[in-house]
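Understanding the architecture of this molecule
Okay, here's what each chain looks like letter by letter:
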Amino acid sequence: MSVDLTDEQYEKHREAGEILAQVRDEAADRVEVGARHLDIAEYAEDRIRELGGEPAFPVNISVDEEAAHATPEPNDDSTFGEEMINLDIGVHVDGWLADTAVTVDLSGNPDLAEAPGEALEAAIEVIEPGIQTGEIGAEIESVIDGYGYNPVVNLSGHGLGHWNQHTEPNIPNRAVERGVELNVGDVVAIEPFATDGSGKVNEGADEEIFALEREASVRNRDARQALEQIVEQFKTLPFARRWLDTRRAEMALRRLKQQNVVHGYPVLKEDDGFLVSQKEHTVIVTEGGCEVTTRPQ
């Protein structure tokens, strides 16, 4: 989605990015062996609100082979070990979004942790009006290949819309022949993933993140209460089960899924024994290149 660089929506994208850059760095500093996943997630989500934004989606905390869509369940007691941890965090201001991610390596694999960050910087360097998304993917792939790892090819960067976390265009993490041309005002998240595995993730069984599919009439009281909160508070943005105020939230979500009112996001994973690293910034295409909204000011 494109924004007018003289419009209020542009400033709200920038405000979301400024909040997010601060929260990402503060949250990453708190990741250490023995720290609880839930404490980090709740710290980041509460801090976003303190600074004037709202979480655009639940904080994703992906560990080792996990790549995306992992967030703590209610009363989660999981703690960090000597692992590779990816934090993926989003902020919105009145529905205008920013999205960022960082790897915190406690596993002793610094090159793998570094690769997506270098790939991200290479991608940002070539972004300007008229660039093809396939060319951005080629830059990402080249850098990650140079480190001796594989890009995750079935995950990609993406556009950011109003109340919409994933819009066109997709920004591939490898070279493709055909792509979409970026124009002034396009708001996109560039999101390289690197792995020492095959470079293709699959859906796991766990699911703690959901989003509204459609509004509908539901008979069950708990499901109806959950739906009212979802529509009013989260709209079309993803939410966590632990965010719901209703009793028996798990059962309520099961009923809403059965009626195709909400859909879930299964955790995406590489094969066991392999690691995934990630780095992400949100950029707005400008006349002279691009503005990175999620870099520290």
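Preceding this paragraph is the structure being described.
Residues numbered from 1 in each chain as written. Predicted model: local features only at pLDDT ≥ 70, side-chain atom pairs only at ≥ 80, totals over all residues. Heavy atoms only, no water.

As a further point, take the pattern of salt bridges. Under the criterion given, the structure shown has 19 salt bridges. For the salt bridge of D94 with K12, the shortest nitrogen-to-oxygen distance reads 2.6 Å. With D94 in the loop between β3 (84-93) and β4 (96-105) and K12 in helix α1 (residues 8-29), the pair connects residues that are 82 residues apart, well separated along the chain. For D94, a relative accessible area of 46% translates into the label partly exposed. (Salt bridge = Lys/Arg side-chain N within 4 Å of Asp/Glu carboxyl O. Helix = DSSP H or I, 4+ residues; strand = E, 2+ residues; numbered from the N terminus. Buried < 20%, exposed > 50% of the residue type's maximum accessible area, 1.4 Å probe, protein only.)

The next point concerns the packing of aromatic side chains. Scanning the entire structure with this criterion turns up three aromatic pairs. An angle of 10 degrees between the planes, with centres 5.2 Å apart, marks the rings of F234 and F239 as stacked. Each member of the pair, F234 as well as F239, is classed as buried. Taken together, a centroid distance of 5.5 Å and an interplanar angle of 40 degrees make the contact between F234 and W243 tilted. For F234, a relative accessible area of 7% gives the class buried. Among the aromatic residues, those joined into a cluster by ring pairs are F210, F234, F239 and W243. The lysine or arginine in question, R30, covers the ring of Y43, its NZ or CZ lying 4.0 Å from the ring centre. (Phe/Tyr/Trp six-rings, centres within 6.5 Å; stacked < 30°, edge-to-face > 60°. Lys NZ or Arg CZ within 6 Å of the ring centre and 35° of its normal.)

This part takes up the sheet that holds strand β11 (residues 239-240). Strands sit in the order β2-β12-β10-β11 across an open sheet of four strands; the sheet is antiparallel. Either end of the sheet is taken by a strand with one partner, and the two such strands are β2 (66-68) and β11. Pairing analysis gives two bridges linking β2 to strand β12 (residues 262-269), with the strands arranged antiparallel. Along β12, the bridge assignment pairs E66 with K269. The strands touched by helix α5 (residues 221-234) are β10 (202-212), β11 and β12; relative to β10, the strand with the most contacts, the crossing angle is about 75 degrees. (Pairing = 2+ DSSP bridges. Contact = heavy atoms within 4.5 Å. Axes fitted to C-alpha atoms, helices over the stretch in contact; angles between N-to-C directions.)

The next subject is the layout of surface pockets. Roughly 440 Å³ of internal volume is contained in the largest pocket. Lining the largest pocket are 24 residues, and of these H69, H158, Q165, H166 and Y265 lie nearest its centre. Elements represented by at least two residues in the lining of the largest pocket include exactly β1 (54-63), β6 (157-161), β7 (164-171), β10 and β12. At four residues, β7 tops the list of elements feeding residues into the lining of the largest pocket. Of the residues belonging to the lining of the largest pocket, the class tally is eleven nonpolar, ten polar and three charged. Considered as a void within the structure, the second largest pocket measures approximately 250 Å³ in volume. (1 Å grid on protein atoms, 1.4 Å probe; cavity = no way out; pocket = protein on both sides within 12 Å on 5 of 7 lines; lining within 4 Å. Points joined across faces, edges and corners; volume = space filled by probe spheres on them. Nonpolar A, V, L, I, M, F, W, Y, C, P; charged D, E, K, R; others polar.)

Tracing the backbone shows H158 in strand β6. Among the polar contacts listed, one links the side chain of H158 to the side chain of D99, at a separation of 3.3 Å. In contact with H158, not counting residues within four places along its chain, are D99, Q165, H166, T167, P169, N170, I171, V187, V188, A189, E191 and E280. (Polar contact = N/O pair within 3.5 Å; in protein donor to acceptor, adjacent residues only side chain to side chain.)

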